[in-house]
Each structure stands twice: as C-alpha cells, then as structure tokens.
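# Close look at the chain arrangement
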Amino acid sequence: MADERDPEQSASFVERHLQTMIMAALGAVCGWMAMTTQGLTVSVATLTEKVSNLQESVKEERSQLYTRADADRDFALRDNVISNVASRVLVLEQKDRK
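For clarity, every value in this text was computed on a predicted model and none was experimentally measured.

Conventions we followed
- Residues numbered from 1 in each chain as written.
- Predicted model: local features only at pLDDT ≥ 70, side-chain atom pairs only at ≥ 80, totals over all residues.
- Heavy atoms only, no water.
- Helix = DSSP H or I, 4+ residues; strand = E, 2+ residues; numbered from the N terminus.
- Buried < 20%, exposed > 50% of the residue type's maximum accessible area, 1.4 Å probe, protein only.
- Areas by Shrake-Rupley, 256 points an atom, 1.4 Å probe, with all protein chains shown as cover.
- Salt bridge = Lys/Arg side-chain N within 4 Å of Asp/Glu carboxyl O.
- Patch = residues over 30% accessible without salt bridge, like charges linked within 9 Å, V, L, I, M, F, W, Y side chains within 5 Å.

Looking only at helices and strands, the protein has two helices and zero strands in total. Counting over 98 residues, the protein shows a buried share of 1%. About 9300 Å² of surface is accessible on the protein, with carbon and sulfur atoms providing 62% of the total.

Turning next to the pattern of salt bridges. Summed over the entire model, instances satisfying the criterion amount to four salt bridges. One salt bridge in this structure joins Arg68 and Asp72, with 3.8 Å as the shortest N-O distance. Of this pair, Arg68 and Asp72 both sit in helix 2 (residues 68-97), four residues apart, roughly one helical turn. Accessibility expressed as a relative area gives 42% for Asp72, which makes it partly exposed. The closest approach of N and O atoms between Asp79 and Arg78, which form a salt bridge, is 2.8 Å. In this structure Arg78 comes out as partly exposed when scored by relative accessible area, which is 41%. Connected via shared salt-bridge partners are Asp70, Arg73 and Asp74.

On the surface, Leu18, Met21, Ile22, Met23 and Leu26 cluster together into a nonpolar patch covering about 520 Å² of accessible area. Here Ile22 is to be found in helix 1 (residues 2-63).

Below, the structure written as structure tokens:
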C-alpha cells in the first residue's frame with residue numbers, strides 16, 4: 001500500500017507545484033494587464049486633451065475665416081465707391097462741357 005500511495009503523493013506533489021506555477025503565471029499576467037491598462041488610460045487622457053486643444057484651435061480659426069457675408073459686404077463697399085467715383089466723373093464731365 002505504501003507503494004500505491006507514493007505515486008499518488010508524487011502526483012499530488014507535482015500537481016501542487018504545477019498549480020503554484022500556474023497561479024504565479026496568472027498573477028504575472030494580471031499585473032501586466034493592470035500596468036498596460038494604466039498606461040493606456042494615461043495615453044487616452046493625453047490624446048483626449050490634445051483633441052480638445054485641436055477642436056479649440058479649429059473653432060478659433062473658423063471664427064477668423066473670410067466668410068461669404070464678409071465678401072458680400074466688401075463687394076458692396078467696392079460697388080459703392082465705384083458708384084461714387086462714377087458720379088463724380090459725370091459731374092466733372094458736365095462742368096467741362098459747360
């Protein structure tokens with residue numbers, strides 16, 4: 001009977017050590033996952049801040065764009081100046097004819 005228990009005890013001994021090694025490996029993997037998750041969290045936070053800054057920059061640049069309304073206003077001013085100059089030229093031409 002002692003011979004029959006020896007293989008069982010040695011199997012149990014190997015089994016316990018195998019379980020210990022597996023638990024150690026799982027612990028290492030869990031630690032690696034935690035560190036990786038922490039690093040990724042920091043990276044995501046950094047990228048989120050950069051995207052926020054880019055959004056603000058785009059918003060600021062869009063507010064400084066030369067819009068169609070600006071162009072229409074400038075064309076109206078130009079047309080008004082041309083009209084004034086044309087009327088002055090007509091007045092001067094009429095004075096020269098008299």
